[in-house]
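Per-entry structural report
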Amino acid sequence: PPILLWFRRDFRLSDHPALAEAARQGRPVIPVCILDEVVEGYGAAPKWRWGEAVAQFSKSLEAIGSRLILRRGRALDVLQKLAKETGASDVWWTRAYDPEAIARDTDVKSTLRQSGIDARSFSGHVLFEPWTVTTKAGGFFKVYSPMWRAVRGLDIPLPDPAPRGLMPPADWPTSDDQQDWALEAAMNRGAGVLAQFACIGEESAHDRLTTFLEARVDDYAKNRDFPAIDATSRLSENLAWGEIGPRTIWHAGQRVLQEGRPGAEKFLKEVVWREFAYHLIFHTPHITAKNWRPEWDSFPWSETEDGDVLRWKQGRTGIPLVDAAMRELYVTGTMHNRGRMIVGSYLTKHMMTHWRIGLNWFEDCLIDWDPAANAMGWQWVAGSGPDAAPYFRVFNPVTQADKFDAGRTYINDYVGELSPSPSDRALAFYQACPRSWALTPDDPYPAPVVNLAVGRARALEAYAARE
Ligand code: FAD
């Protein structure tokens, strides 16, 4: 009987333990992808980007003589129905670690097993499953550095090569037409703008890794904080949808480390930040919704989506570096890591607005949206999370700009009002804006939503009052 192989955020052929095992079985394999209750809840840009990953992966499967069967509905119902239609005896998938996915998968696994189907999950999304690495005392890591020291020398299995073929079933079940899912519909910014910047599919992801390791890793540690420099790997977009596996990245990084290339260790350390995020989301799932440290629950953050919050979302706070980063997010679906820290600090500290508002906006806009990294990032910035930046360390976006964008290249690239001849990206922002924002390139640059000195003093006062 066939194996149903359920793909969720793991759209690749290589470095895929469940797929490799299915190919080895010498049995028919039916790859399946479901627009299910978890995906329906994704924000607009991630949902669109998920669909792009699905479409590209369908082509990859076709190239090895297989297909991706698309269905829409509650995951359990769809899988039960497909198992009945195809006579499949097994349903396999790659494990996820965020609370929504775990709730769905636990239910799917136990119900399918009760009906005699071998429901099995495999590793593949992370290097170290969250329960396999522990502190010396046997607990989970709440701080990054000891986790890095504990895992840096561990043996990671080599990635599985892509199978050359998958045995097809005697009859293929019917599949939805992906066009009918209209995944771009939720995006009022229009997929056209994001599509110019997205880098979709397994082959593109591998090219990105190769280019990074050949051309940029040497200067990575030196340049990674400068948003105008193309210094980082940009692999987060592909890791988020599983278009490349972490083992592939890890072993490629280890090879250049052994060659003595500068920057290699720093890069591997960043890859382990992603692992740390998964470790945390698994052991403390409340990180996605509630203050990781409950002592922050009484902090007077505003949770009102007022006009100031709208201006933060629009990149019109009147603070050039914050605005450049927010527009980068809106136009490209990604944001440089330094930008993420600065806009997060401005929102949660200068504007005294709850990190959840920022987390939700990122979840709506990012094409590299990752439930673990996003939650950890926001709680880090706000000061409420594990191993977080202390709340009293308020980023000053003016000195940050002097330090990391001294030539104003990044700011000018995104904030057209400040440049004598606005760049294509600055103008793309106005194409991307929903009509309801009524923004035009002729609008004058706004005065600050919150004066930096006043905002900083207010935040520190609230922090002192909390103690
Ligand atoms: P590189 O510098 O090339 O790093 C290599 C890889 O390491 C990245 O692809 C990523 O997988 C991992 N990594 C690097 N930094 C971090 C980090 N701080 N936390 C976790 N993993 C990291 N990252 C996401 O992938 N998705 C998100 O939704 C996300 N939201 C964030 C929200 C906030 C508020 C902050 C401060 C950070 C967030 N990050 C998120 C982390 C980080 O900004 C991005 O991973 C990074 O900018 C991706 O660029 P890159 O692939 O070029 O990274």
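Procedures and definitions
- Residues numbered from 1 in each chain as written.
- Predicted model: local features only at pLDDT ≥ 70, side-chain atom pairs only at ≥ 80, totals over all residues.
- Helix = DSSP H or I, 4+ residues; strand = E, 2+ residues; numbered from the N terminus.
- Rg over C-alpha atoms; globule rule 2.2 N^0.38 Å.
- Buried ≥ 20, exposed ≤ 12 C-beta atoms within 10 Å, placed from the backbone.
- Contact = placed C-beta atoms within 7 Å.
- Domains from an automatic or database assignment.
- Nonpolar A, V, L, I, M, F, W, Y, C, P; charged D, E, K, R; others polar.
- Near = placed C-beta within 6 Å.
- Arc of directions from axis to C-beta.
- UniProt positions renumbered as here; feature names shortened; annotations may be inferred.

Remarks on the overall build of the chain
Within the chain one finds 21 helices and five strands. Its C-alpha atoms give the chain a radius of gyration of 23 Å, near enough to 23 Å, the size a compact globule of 467 residues would have. For the chain, the spread of C-alpha atoms along the three principal axes comes to 70 × 55 × 45 Å. For the chain, buried positions account for 48% of its 467 residues. In the chain, 78% of the contacts between residues at least 6 apart in sequence involve partners at least 24 apart.

Considering unusual backbone geometry
Positive phi outside glycine occurs at D15, with the angle close to 55°. Mapped onto the secondary structure, D15 falls in the loop between β1 (3-7) and α1 (17-24). In the Ramachandran plot, M352 falls in the positive-phi region, its phi being about 50° despite a non-glycine side chain. Note that M352 resides in the loop between α15 (337-350) and α16 (355-365). The class of M352 is partly exposed, set by 17 C-beta atoms lying within 10 Å.

So, the domain arrangement of the chain
Assigned domains within the chain: domain 1 (1-124), domain 2 (126-156 + 195-283) and domain 3 (294-466). Inter-centroid distance (C-alpha atoms) of domain 2 to domain 3 is 25 Å. In this assembly, 17 residues from domain 2 lie in contact with 21 residues from domain 3. For the side of domain 2 that touches domain 3, the elements supplying multiple residues, two or more each, are α10 (236-240) and α12 (264-283). Broken down by element, the residue count for the side of domain 2 that touches domain 3 peaks at five residues, all from α12. The residue makeup of the side of domain 2 that touches domain 3, split by class, is 12 nonpolar, one polar and four charged.

Examining the site of the ligand
Close to the ligand lie 27 residues; T232, S233, A373, N374 and G377 are nearest. The residue inventory of the shell around the ligand, partitioned by class, reads 13 nonpolar, seven polar and seven charged.

What to know about α1
If you check which residues of α1 are buried, you get A18, L19, A22 and A23. One side of α1 holds all its buried residues, which, seen down the axis, span an arc of 130°. One or two steps after α1, the chain reaches G26, where phi turns positive at roughly 65°.

Some words on the UniProt feature "domain: Photolyase/cryptochrome alpha/beta" (unreviewed entry) in the chain
The UniProt record annotates "domain: Photolyase/cryptochrome alpha/beta" (unreviewed entry) at residues 1-127. Secondary structure across residues 1-127 divides into 47% helix and 20% strand, with the first and last C-alpha atoms of the span separated by 31 Å.

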